Amino acid sequence: MKENFHDCLIMLLHHEGGFVNMKEDPGGMTNLGVTRAVYETWLGREVSEKEMRDLQPEDVKDLYKNNYWDRCKCDDLPSGLDWAVFDWAVNSGTGRSAKAVQKVCGAEQDGAIGPKTLALVEGQNTKYMIEEFGRIRQDFYESLKHFKTFGKGWTRRNKETTEKALTMV
């Protein structure tokens, strides 16, 4: 829902946390959930470690709106489902998040939410969709080779997101 972006961004930034640069993390240098590579692409130039360390929510708000929220058509999704889709889009990519929505509502899984997917979502029970979406997300995490390292955090994040999404319906 259009009205939910601001609150969802605050919740997302809570999940994403601050600056990290772990060797085990394939994303590399990251702050507020934005990798250096993504931020450089967004700005169209290289950024220093200091710039990455100094990122503020206002610096990444439009990036999140454009690259994740809008790409997944979250303005057009039911309240709660928008949050679940947005959070996983940021965490694992918009295509993977979109395909999970499409799987749950019975749409062709092409990784891009469009009018056909939205029409099918409209006819679904939102709470059911959120629960199934969370199950698909957890199954994905458990299939990853880094689950042993990051699985506890991914599982906690998925659980928190799903629970909050259900309260938003």
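Further up the page is the structure itself.
In what follows, the accompanying structure is described. (Residues numbered from 1 in each chain as written. Predicted model: local features only at pLDDT ≥ 70, side-chain atom pairs only at ≥ 80, totals over all residues. Heavy atoms only, no water.)

### Considering the packing of helix H8 (residues 126-143) against helix H9 (residues 147-167)
Where we set the bar: What counts as an axis is a line fitted to C-alpha atoms, over the stretch in contact for a helix, and the angles between N-to-C directions run from 0 to 180 degrees. Helix and strand assignments come from DSSP, with helices taken as H or I runs of at least 4 residues and strands as E runs of at least 2, each series counted from the N terminus. Oblique is the label for any angle not covered by the other classes, which are roughly parallel (under 35 degrees), roughly antiparallel (over 145) and roughly perpendicular (65 to 115). We call two residues in contact when some of their heavy atoms are within 4.5 Å.
At their nearest, the axes of H8 and H9 sit 10 Å apart, and the two run at 175° to each other. When the axis of H8 is compared with that of H9, the two are roughly antiparallel. Here Lys127, Ile130, Glu131, Gly134, Arg137, Gln138, Tyr141 and Glu142 of H8 come into contact with H9, specifically with Phe147, Trp154, Thr155, Arg157, Asn158, Thr161, Thr162, Ala165 and Leu166.

### Some thoughts on the layout of surface pockets
Quick note on the threshold: We place a 1 Å grid over just the protein atoms. Points where a 1.4 Å probe fits but has no way out form a cavity, open points with protein on both sides within 12 Å along at least 5 of 7 lines form a pocket, and any residue with an atom within 4 Å of a point lines it. Grid points are joined across faces, edges and corners, and a volume is the space filled by probe spheres set on the points. In this classification, the charged set is Asp, Glu, Lys and Arg, the nonpolar set is Ala, Val, Leu, Ile, Met, Phe, Trp, Tyr, Cys and Pro, and all remaining amino acids, among them Gly, are polar.
The volume enclosed by the largest pocket comes to roughly 900 Å³. As for the largest pocket, its lining consists of 31 residues, of which Glu16, Asp25, Asn91, Trp154 and Arg157 are closest to the centre. Where the lining of the largest pocket is concerned, the elements lending two or more residues are helix H1 (5-16), strand S2 (34-35), helix H4 (57-70), helix H5 (81-92), H8 and H9. Looking at the lining of the largest pocket element by element, the count peaks at six residues for H9. Grouping the amino acids of the lining of the largest pocket by side-chain chemistry returns 15 nonpolar, 11 polar and five charged.

### Points about unusual backbone geometry
Although it is not a glycine, Leu32 adopts a positive phi angle of roughly 55°. When you line up the elements, Leu32 lands in the loop between strand S1 (30-31) and S2. Phi angles above zero are rare outside glycine, and Lys73 is one such case at about 55°. Tracing the backbone shows Lys73 in the loop between H4 and H5.

### With respect to the packing of aromatic side chains
Filter applied, for reference: Here a Phe, Tyr or Trp ring, Trp counted by its six-membered ring, pairs with any other such ring whose centre lies within 6.5 Å, and the pair is stacked when the planes are under 30 degrees apart, edge-to-face when over 60, and tilted otherwise. Relative accessibility thresholds used throughout: buried, under 20% of the residue-type maximum; exposed, over 50%; partly exposed, between the two (1.4 Å probe, protein chains only).
Applying the stated criterion to the full structure yields 12 aromatic pairs. With centroids separated by 6.3 Å and ring planes inclined at 85°, the aromatic side chains of Tyr64 and Phe86 adopt a geometry described as edge-to-face. Note that Tyr64 is positioned in helix H4 and Phe86 in helix H5, a separation of 22 residues in sequence. For the pair Tyr64 and Phe86, a shared accessibility class is recorded, and that class is buried. Summarising the aromatic geometry, the rings of Trp88 and Tyr141 are spaced 6.5 Å apart at their centres and angled 75° between planes, so their arrangement reads as edge-to-face. Of the two residues, Trp88 is situated in helix H5 and Tyr141 in helix H8; the sequence distance between them amounts to 53 residues. Overall, Trp88 belongs to the buried group, its relative accessible area being 1%. Looking at Tyr141, the relative accessible area reads 1%, which means it is buried.

### Considering helix H6 (residues 94-105)
For clarity, the cut-off: How far a helix is expected to stretch is found by multiplying one less than its residue total by 1.5 Å.
With 12 residues, H6 should cover 16 Å at 1.5 Å per step; its first-to-last C-alpha distance of 17 Å lies within 8% of that length. Inspection of H6 places Thr94, Ser97, Ala98, Ala100, Val101, Gln102, Val104 and Cys105 among the buried residues, and these make up the whole buried set. Within two residues after H6, Gly106 carries a phi angle of roughly 90°, on the positive side.

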